[in-house]
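# Tertiary structure, described
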Amino acid sequence: MYLDNQILFFFSALGAFNSTILSLYFFFFTKEKNISNFFLGGLLAVLSIRIWKSIFFYFNPTISKTYLQIGLSACFLIGPFLFFYIKAKLNSLNVTLAKYSILFLLLLIVFVGVLAPYQTHLVLWKKYIYFIINLQWIVFVVLSAFSLKQLFEKIITKSGKVNYDEVWMLSVLGGVFLIWLAYFTATYTSYISGALSLSFALYLSGMVVFYKRNQTFKVLPKKEKYVNKIESEEVDHILEKIQVAFHSKNMHKNPNLTLSILAQEIKVRPQLLSQFLNDNLNKSYTQFINEYRIEEAKKILKQDSNLKMEVVAEYCGFNSSSTFYSAFKKATGTTPVNYAKT
């Protein structure tokens, strides 16, 4: 293998290798065992299979047709895993539907692979199945982007802070789209660009997330001075609309709920909502939201004290178990475990 090919192989395989390791991490070793990590692990796993297939085929065109079939079949799951991951992070996932959808696709992949194997149906796979793969993939990318509509609006209007999870979701979405674009625009013999795109997307995402963890990563809101004291009637009206949003739509269970998103839902200005919380309730936004989440957690713990705390935390809208524990103890004076035993 010539030096230029060695360099090409190194950089293309680097992304595939890291994706494989990360998928194992999210499946088995992450501290927070939640459904979003399962779908992220699944997404990275099927991307790894697809990328490894491209690398091996590019450097060894005589590779087994069975392995080529496995690589292409994995693409059927890339879009669904991406979409379910985004929905899980937004706390709007129907878990049962998602699991049965993945199971159905797995059975469909096996059925098609057995009925029309790649080795004996090359035209079918290259002309029709490959087209269906790319179409299904981009449809789920678009659906995932649509699910993040409020996040894009927040960035465009500069109306709030972009948190750590939102950076992750945008990075994953952008990376998957970049890889789709590389494969879609590549010719049959030059799609090593897909493997290089994965390497680029992984390391770019890593840099962005690292920056987020170490810097104040925010979209600066437009500065606006507080208005005069809010009238009592308007105070009651705002509180009533918040209660409707929480009790009817369970918005407080969304771990990515921000002050600006809540303000948009109840149709008040973010500055007015902030003033209402600070001046009329003497609470920060985080404290106010966590009170609702903790009350939800207390009900759940009374109903079933054997539930894992990670499950309770995620269901109630907390981004992590540690945040849930500290907020619960601060509000109640005891830990969730001790509270469940009483």
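Residues numbered from 1 in each chain as written. Predicted model: local features only at pLDDT ≥ 70, side-chain atom pairs only at ≥ 80, totals over all residues. Heavy atoms only, no water.

### So, unusual backbone geometry
What counts here: Only DSSP runs of H or I covering at least 4 residues are called helices, and only runs of E covering at least 2 are called strands; the numbering of each starts at the N terminus.
In this structure, asparagine 250 is a non-glycine residue whose phi angle is positive, near 55 degrees. The topology assignment puts asparagine 250 in the loop between helix 10 (232-249) and helix 11 (259-266). Residues other than glycine seldom take positive phi values, yet asparagine 282 does so here, at roughly 55 degrees. Counting through the fold element by element, asparagine 282 comes out in the loop between helix 12 (270-280) and helix 13 (285-303).

### Some thoughts on the layout of surface pockets
Stated formally: A 1.4 Å probe that fits but cannot get out identifies a cavity on a 1 Å grid over protein atoms alone, an open set with protein on both sides within 12 Å along at least five of seven lines counts as a pocket, and a residue lines either if it has an atom within 4 Å of a point. Grid points are joined across faces, edges and corners, and a volume is the space filled by probe spheres set on the points. Residues are sorted three ways: Asp, Glu, Lys and Arg are charged, Ala, Val, Leu, Ile, Met, Phe, Trp, Tyr, Cys and Pro are nonpolar, and all the rest, Gly among them, are polar.
Of the voids in this model, the second largest pocket is the one considered here, and its volume is about 540 Å³. Lining of the second largest pocket is provided by 22 residues; of these, Leu90, Asn91, Ser92, Leu93 and Lys253 occupy positions nearest its centre. Counting residues per element, the ones that place at least two in the lining of the second largest pocket are helix 5 (95-115), helix 11 and helix 14 (309-316). For the lining of the second largest pocket, the element with the most residues is helix 14, which contributes four residues. A class-by-class count of the residues in the lining of the second largest pocket yields nine nonpolar, six polar and seven charged.

### Considerations on helix 11
Here is the rule we go by: Burial classification: accessible surface area is computed with a 1.4 Å probe over protein chains only, and a residue below 20% of its type maximum counts as buried, one above 50% as exposed, and the rest as partly exposed. We call two residues contacting when some pair of their heavy atoms lies within 4.5 Å.
Of all eight residues in helix 11, six are buried; the element is thus mostly enclosed. Listing the buried residues of helix 11 in full gives Leu259, Ser260, Ile261, Leu262, Ala263 and Ile266. Where the residues of helix 11 are buried, they touch helix 7 (149-157), helix 10, helix 12 and helix 13. Phi for lysine 267, located one or two positions after helix 11, is positive at around 60 degrees.

### Some remarks on the confidence of the model for the protein chain
Should pLDDT be low for a region, the predicted coordinates there are not to be read in detail. Rules: One number per residue, pLDDT, summarises how confident the predictor is, and it ranges from 0 to 100.
Taken residue by residue, the protein chain gives an average pLDDT of 78. The fraction at 70 or more is 77%. Taken as a whole, residues 207-225 scores under 50 in pLDDT and shows 32 contacts with residues more than four places along the chain or in a different chain.

### Some points on the environment of leucine 108
Examined against the element boundaries, leucine 108 turns out to sit in helix 5. You can call leucine 108 partly exposed: its relative accessible area is 33%. As for leucine 108 and serine 73, which are separated by 35 residues in sequence, their C-alpha atoms are 9.8 Å apart.

### Things to note about a negative patch on the surface
Rules: For patches, a residue must show more than 30% relative accessible area and have no salt bridge; joins then use 9 Å for like charges and 5 Å for nonpolar side chains, namely Val, Leu, Ile, Met, Phe, Trp and Tyr. Computed with a 1.4 Å probe, the accessible areas rest on the Shrake-Rupley method; for each residue, only the protein chains presented here act as cover. A side-chain nitrogen of Lys or Arg and a carboxyl oxygen of Asp or Glu constitute a salt bridge if their distance falls within 4 Å. In this charge count, Lys and Arg are treated as positive and Asp and Glu as negative; neither His nor the chain ends contribute. By convention, charge coordinates are those of NZ in Lys, CZ in Arg, CG in Asp, or CD in Glu.
A cluster of acidic side chains, namely Glu231, Glu233, Glu234, Asp236 and Glu240, defines a negative patch on the protein surface. Summarising the element assignment, aspartate 236 is placed in helix 10. Its relative accessible area of 52% is what places aspartate 236 among the exposed residues.

### Some remarks on the packing of helix 10 against helix 12
When two helices pack together, their arrangement is given by the angle between the helix axes and by the axis-to-axis distance. Condition: Axis definition: a line fitted to C-alpha atoms, limited for helices to the stretch in contact. Angles are taken between N-to-C directions and run from 0 to 180 degrees. An angle below 35 degrees is treated as roughly parallel, one above 145 as roughly antiparallel, one from 65 to 115 as roughly perpendicular, and anything else as oblique.
Packing of helix 10 against helix 12 leaves a shortest axis separation of 11 Å and a crossing angle of 105 degrees. Between helix 10 and helix 12, the angle falls in the class roughly perpendicular. Contacts between helix 10 and helix 12 involve Glu234, Val235, Ile238, Leu239 and Ile242 from the former and Leu272, Leu273, Phe276 and Asn280 from the latter. Here the residues of the contact of helix 10 with helix 12 are counted per class, giving seven nonpolar, one polar and one charged.

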